[in-house]
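Breakdown of the fold
Spelled out from the first residue to the last, the chains are:
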Amino acid sequence: MRILHTMLRVGDLERSLAFYTEVLGMRLLRRQDYPDGRFTLAFVGYQDEKDAAVLELTYNWGVDAYEAGNAYGHIALEVPDAKKACDEIRARGGKVVREAGPMKHGSTVIAFVEDPDGYKVELIERRD
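Summarised in this report is the structure supplied together with it. Numbering of residues starts from 1 in every chain and runs along the sequence as written. Whole-chain, interface and lining totals are the exception, using all residues; otherwise, since this is a predicted model, local features are given only for residues with pLDDT of at least 70 and side-chain atom pairs are given and counted only at 80 or more. Think of the side-chain values as coming from all heavy atoms in the structure, minus any hydrogens and water.

When DSSP locates at least two bridges between a pair of strands, those strands are taken to pair. Secondary structure elements follow DSSP: runs of H or I of four or more residues count as helices, runs of E of two or more count as strands, with numbering from the N terminus. Sheet topology places strand S2 (residues 27–34) next to strand S3 (residues 39–45); seven bridges connect them, and they run antiparallel. Within S3, the position partnered with Gln32 by the bridge is Leu41. In textbook terms, the turn of a hairpin is the stretch between consecutive antiparallel strands, and for S2 and S3 this stretch comprises four residues, one of which, Arg38, has a positive phi near 60°.

Below you can see the structure in the form of structure tokens.
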């Protein structure tokens, strides 16, 4: 077994696709409309689905906002330099909500950015 994807419901698919592809550098892997169900699925990621887990962005036609609730945490991405990643994300129009620095009660350098729907994305610095 392996993890295939994580699904996020989004209020504006084009805005979300722009964030994940243009700001975070993922690729749109596939997209399909389901007219009978009135929804669209778009899969984005850094690698092909056969090689790695990806994100499924689900747009339910006519629904422009969701309440995330308090159980959701975040998506985590590995980056070689969290400060540099924040600077690049900010330059591409992304919203940094926690600047790069050591995590509370630890030494791992992390940062957080926020997608257009308010979902948090953690950047975890991993240096070779």
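After presenting the structure, the write-up continues.
For each residue, the accessible area found with a 1.4 Å probe, counting protein chains only, is set against the maximum for its type, and the residue is called buried under 20%, exposed over 50%, and partly exposed in between. Across the seven residues of S3, six count as buried, placing the element largely inside the fold. Sheet analysis places S3 next to strand S4 (residues 54–60), joined by six bridges and oriented antiparallel. The partner of Ala42 across the bridge, within S4, is Leu57.

Only Phe, Tyr and Trp rings take part, Trp by its six-membered ring, and two of them pair if their centres are within 6.5 Å. Stacked means planes under 30 degrees apart, edge-to-face means over 60, and tilted covers everything else. Taken as a whole and judged by the stated rule, the model has three aromatic pairs. Between Phe19 and Tyr20 the ring centres are 4.9 Å apart and the planes differ by 90°, which places this aromatic pair in the edge-to-face class. Comparing Phe19 with Tyr20, the two get one shared label, buried. Taking the centre distance of 4.7 Å and the plane angle of 15° together, the rings of Tyr34 and Phe39 count as stacked. With relative accessibility at 28%, the residue Tyr34 sits in the partly exposed group.

Okay, helix H1 (residues 13–23) next. By the burial criterion, the buried members of H1 are Leu13, Ser16, Leu17, Phe19, Tyr20 and Val23. As used in this structure description, the phrase polar contact means that two N or O atoms lie within 3.5 Å; if the pair is within protein, one of them must be able to donate a hydrogen and the other to accept it, and residues adjacent in sequence are counted only when both atoms belong to side chains. Two or three places before Glu14, at the opening of H1, Asp12 has a side-chain oxygen 3.2 Å from that residue's backbone nitrogen.

Strand order across the open sheet formed by four strands is S1-S4-S3-S2, with mixed pairing between neighbours. At either end of the open sheet lies a strand with only one pairing partner, and these are strand S1 (5–9) and S2. Strand-to-strand twist across the sheet, computed as the mean angle between neighbouring axes with direction ignored, equals 20°. Between the N-to-C directions of two axes lies an angle of 0 to 180 degrees, each axis being a line fitted to C-alpha atoms and, for a helix, fitted only over the stretch in contact.

Here, a salt bridge means any side-chain nitrogen of Lys or Arg that lies within 4 Å of a carboxyl oxygen of Asp or Glu. Tallied over the entire structure, the rule returns 10 salt bridges. Salt-bridge contacts for Glu14 lead to Arg31; the nearest nitrogen and oxygen are separated by 2.7 Å. Here Glu14, found in helix H1, pairs with Arg31, found in strand S2; they are 17 residues apart in sequence, far enough to count as distant. Residue class for Arg31 comes out partly exposed when judged on its relative accessible area of 40%.

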